[in-house]
Amino acid sequence: DIETLAPEGNDHKKSYILDGSEPFLKLLGVSDRDGRVYDKRRAKFRQINRFLEHIRDVLKYIPEGDIRICDLCCGKSYLSFAVYHYFANVLGRKVYMTGVDLKRDVIEYCSDVAKKLGFDGLEFLCGDVSLYNTDEHVNMVVSLHACDIATDIVLQKAVEWDADVILSTPCCHHEMNRLLDCESLAFIADYSMLKQKLCDAATDALRLCRLESQGYTTSTVELIDPNETPKNVMLRALRKKNFDENSAEARKARER
């Protein structure tokens, strides 16, 4: 299922899940009609492939059979199309996937692309993710660069649905930066760039602690080469089986 892309310059060969010839990459302007990835879109191409590699790593946590996926704050939905293609066309699984975002023009565009591709199980809805809900069990929630507290809304939705897998790459972390008022941390907070880095790390750590207290095994991984984007930390959460919220483990996580 993995194709080899020709090397770029002096780079070594790199095996990718996608090779650029996929119809959705052409329609989204990542590659040309011959399947060659545009030079200016190579970073996006690598990002998409890396995200799919992360999904491949957690496949064993997703039950067999039909799969339900939500991409919250989906934006232009490169990931929605890539994830749908991976499960439906590479793995041959039946997929029901929903992308949700506030931007109506973007949602209309993505819906049109999905129709052209014949991705019948992929829908796009315009609306606030905090108001979106579903009665179906969601196997996976993905989110790329949801801004500030939107990431927290995404994570809470995933927890409410008992999602088996959560893959979220946060964007900006403004909330703690605005609220931080701690004299013992002033030696860091007095320097704006270091204050932001502190708030980034602390915010994501608190998110992981909360997920752990709600029944998930968590970790952080690099989405892609940090030289390509500063927004590179992915929060990964895998739902534990038979989690007891009243257990000593759960209480300890809540107290952290």
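It should be noted that the structure appears before, not after, this text.
This structure is a prediction, so every number in the text was calculated from the model and none was measured.

(A) Layout of the packing of aromatic side chains. This structure, assessed with the given rule, holds 6 aromatic pairs. Ring centres of Y86 and F87 lie 5.7 Å apart, and the angle between their planes is 70 degrees; on these two criteria the pair is classed as edge-to-face. You can call F87 buried: its relative accessible area is 0%. Counting every residue linked through ring pairs, the aromatic cluster contains F81, Y84, F119 and F124.

(B) Spotlight on unusual backbone geometry. Here S77, not a glycine, exhibits a phi torsion of approximately 70 degrees, which is positive. Secondary-structure assignment places S77 in the loop between strand 3 (67-72) and helix 3 (78-90). Phi is positive for H145, which is not a glycine, with a value near 60 degrees. Its place among the elements puts H145 in the loop between strand 6 (140-144) and helix 5 (150-160). We classify H145 as partly exposed; its relative accessible area is 23%.

(C) Examining the side chain of N177 more closely. With respect to the helices, strands and loops of the structure, N177 is situated in helix 6 (residues 174-179). Look at N177 and you get buried, because its relative accessible area is 18%. Among the polar contacts listed, one links the side chain of N177 to the side chain of Q196, at a separation of 2.5 Å. Every residue in contact with N177, bar those within four places of it in the chain, is listed here: K195, Q196 and C199.

(D) Representation of the pairing of strand 9 (residues 233-239) in the model. Summarising the sheet, strand 7 (residues 165-169) and strand 9 pair through 4 bridges and their orientation is antiparallel. Each bridged residue has a counterpart across the sheet, and for I166 the counterpart in strand 9 is A237. In this structure, strand 8 (residues 216-222) lies alongside strand 9, joined through 7 bridges in antiparallel fashion. Of the residues in strand 9, the one forming a bridge with E222 is V233.

(E) Expanded view of the nonpolar core. Ranked by internal contacts, the top residues of the largest apolar core, which has 45 residues, are F24, F51, I55, F81, F87 and M140. A per-element tally of this core places helix 3 first, with 8 residues. Those residues in contact with F87 that lie beyond four places of it in its chain are I55, L59, I62, I67, I69, G92, R93, V95 and M140. Counting 22 residues, the second largest nonpolar core, distinct from the first, contains A146, V154, A158 and A237.

(F) A look at the pattern of salt bridges. Applying the stated criterion across every chain, the model contains 8 salt bridges. Put simply, E136 and R68 hold a salt bridge, and the shortest N to O gap is 2.7 Å. Here the residue E136 occupies a position in the loop between strand 5 (122-126) and strand 6, and R68 occupies one in strand 3, the gap between them amounting to 68 residues. Judged by relative accessible area, E136 falls into the partly exposed class, the value being 48%. Linking D204 and R207 is a salt bridge whose minimum nitrogen-to-oxygen distance equals 2.9 Å.

(G) Geometry of the packing of helix 2 (residues 42-57) against helix 3. With their axes 10 Å apart at the nearest point, helix 2 and helix 3 run at an angle of 50 degrees to one another. In this view, helix 2 runs oblique relative to helix 3, as classed from their interaxial angle. When the axes of helix 2 and helix 3 are compared, the crossing they make is right-handed. Here K44, I48, F51, L52, I55 and R56 of helix 2 come into contact with helix 3, specifically with Y78, L79, A82, V83, Y86 and F87. A breakdown of the residues in the contact of helix 2 with helix 3 according to their chemical character gives 10 nonpolar, no polar and 2 charged.

(H) Examining the pairing of strand 4 (residues 95-101) more closely. When you tally the buried positions in strand 4, you get 6 out of 7 residues, the bulk of the element. Of the strand pairs in this sheet, strand 3 and strand 4 are connected by 6 bridges, and their pairing is parallel. Among the inter-strand pairings, C70 is bridged to a residue of strand 4, identified as T98. Handedness of the crossover joining strand 3 and strand 4 through helix 3: right-handed. Note that the unit made of strand 4, helix 4 (residues 104-117) and strand 5 has a crossover that is right-handed.

(I) Up close: a nonpolar patch on the surface. A cluster of nonpolar side chains, contributed by Y191, M193 and L194, occupies part of the molecular surface with about 350 Å² of accessible area. Structurally, L194 can be placed in helix 8 (residues 192-213).

Calculation rules
Residues numbered from 1 in each chain as written. Predicted model: local features only at pLDDT ≥ 70, side-chain atom pairs only at ≥ 80, totals over all residues. Heavy atoms only, no water. Phe/Tyr/Trp six-rings, centres within 6.5 Å; stacked < 30°, edge-to-face > 60°. Buried < 20%, exposed > 50% of the residue type's maximum accessible area, 1.4 Å probe, protein only. Helix = DSSP H or I, 4+ residues; strand = E, 2+ residues; numbered from the N terminus. Polar contact = N/O pair within 3.5 Å; in protein donor to acceptor, adjacent residues only side chain to side chain. Contact = heavy atoms within 4.5 Å. Pairing = 2+ DSSP bridges. Core = buried A, V, L, I, M, F, W, Y, C linked by side-chain atoms within 4.5 Å. Salt bridge = Lys/Arg side-chain N within 4 Å of Asp/Glu carboxyl O. Axes fitted to C-alpha atoms, helices over the stretch in contact; angles between N-to-C directions. Parallel < 35°, antiparallel > 145°, perpendicular 65-115°, else oblique. Left-handed = near helix turned anticlockwise from the far one by under 90°. Nonpolar A, V, L, I, M, F, W, Y, C, P; charged D, E, K, R; others polar. Right-handed = clockwise from strand over helix to strand, strands pointing away. Patch = residues over 30% accessible without salt bridge, like charges linked within 9 Å, V, L, I, M, F, W, Y side chains within 5 Å. Areas by Shrake-Rupley, 256 points an atom, 1.4 Å probe, with all protein chains shown as cover.

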